[in-house]
Amino acid sequence: MADHLVVARSEFILGGQKSGKSRRAELLARDWLAQSPEHRAVLIATAQPWDDEMRERITRHQLDRAARVPGMSTVEEPLALADAVARSSTANTLIVVDCLTLWLTNLLMPAEAVETAKKTGNHLKNESKEAVAGVVQAQQAMVLEAIENAAGPVVLVGNEIGLGVIPLGRETRAFVDALGRLNQDAAAVCERVTLMAAGLPLFLKGQP
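Now for a quick tour of the structure. (Residues numbered from 1 in each chain as written. Predicted model: local features only at pLDDT ≥ 70, side-chain atom pairs only at ≥ 80, totals over all residues. Heavy atoms only, no water.)

With their axes 11 Å apart at the nearest point, helix α4 (residues 100–108) and helix α7 (residues 170–189) run at an angle of 130 degrees to one another. In terms of their interaxial angle, α4 and α7 are classed as oblique. In this structure, the crossing between α4 and α7 has a hand that is right-handed. On α7, the residues that touch Leu100, Thr101, Trp103, Leu104, Thr105 and Leu108 of α4 are Phe175, Ala178, Leu179, Leu182 and Ala186. (Axes fitted to C-alpha atoms, helices over the stretch in contact; angles between N-to-C directions. Helix = DSSP H or I, 4+ residues; strand = E, 2+ residues; numbered from the N terminus. Parallel < 35°, antiparallel > 145°, perpendicular 65-115°, else oblique. Left-handed = near helix turned anticlockwise from the far one by under 90°. Contact = heavy atoms within 4.5 Å.)

Given below as structure tokens:
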């Protein structure tokens, strides 16, 4: 990857697990901070510590991020992403959202609801699903608007999970569909779209 990266007005970084998505976002933040002492970088983290493994993963990411980009602060916001972007945005601030996929998971499959369904053996009722879908659409529209209206640069990180086999289970297939639509909409509003594979960037939209 290049020693110095050019920061775009907005960039959407897609890729599979351990493809280098977050690493590229951190490098963009690092180079943004190096450009001026007035520059700030804020990470909006959407992950939630559902279990011990996730708590360990979050802690490890926090330590690694602090070592790689010591000047970047963190805001934890699993749900109200549009508000977090609007509150954090200034002309001198680069925002990294890591990641859109977990944010969508938090909205579509809240941990409490999923755990209750497992214990009772029941799926969410159709009317509940429709209500959740309406909330997701409204939240998504607000997030995209916040990105477009941000005063400074925004870097979005998201997973591309639609390249494998068709997943089993109605809920899982619905999530893959919803994420695909979110990724397309996010790509449409971003100046640059980058696909990561094996740590290497492939620029799908915009200039490198």
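Under the counting rule described, the total for this entry stands at 1 cavity of 30 Å³ or more. Here the largest cavity is characterised by a volume of approximately 40 Å³. Taken together, Ser22, Ala25, Glu26, Leu43, Arg65, Met72, Val96 and Asp98 form the lining of the largest cavity. Taken together, the elements giving at least two residues each to the lining of the largest cavity come down to α1 (21–35) and β4 (93–98). Ranked by residue count, the leading element in the lining of the largest cavity is α1, at 3 residues. Residue classes in the lining of the largest cavity are distributed as 4 nonpolar, 1 polar and 3 charged. (1 Å grid on protein atoms, 1.4 Å probe; cavity = no way out; pocket = protein on both sides within 12 Å on 5 of 7 lines; lining within 4 Å. Points joined across faces, edges and corners; volume = space filled by probe spheres on them. Nonpolar A, V, L, I, M, F, W, Y, C, P; charged D, E, K, R; others polar.)

Let us now look at the environment of leucine 27. Within the secondary structure, leucine 27 is located in helix α1. Placed 23 residues apart in sequence, leucine 27 and histidine 4 show a C-alpha to C-alpha distance of 8.2 Å.

So, about the sheet that holds β4. The 7 strands lie next to each other as β3-β2-β4-β5-β1-β6-β7, forming an open sheet whose pairing is mixed. Single-partner strands in this sheet number two, and they are β3 (72–76) and β7 (200–205). For this sheet the average axis-to-axis angle between neighbouring strands, irrespective of direction, equals 20 degrees. Here 6 bridges tie strand β2 (residues 40–45) to β4, and the two strands are oriented parallel to one another. The residue of β4 that forms the bridge with arginine 40 is threonine 93. Sitting on the sheet, α1 touches β1 (10–15), β2, β3, β4, β5 (154–159), β6 (192–197) and β7, and the angle it makes with β1 is about 155 degrees. (Pairing = 2+ DSSP bridges.)

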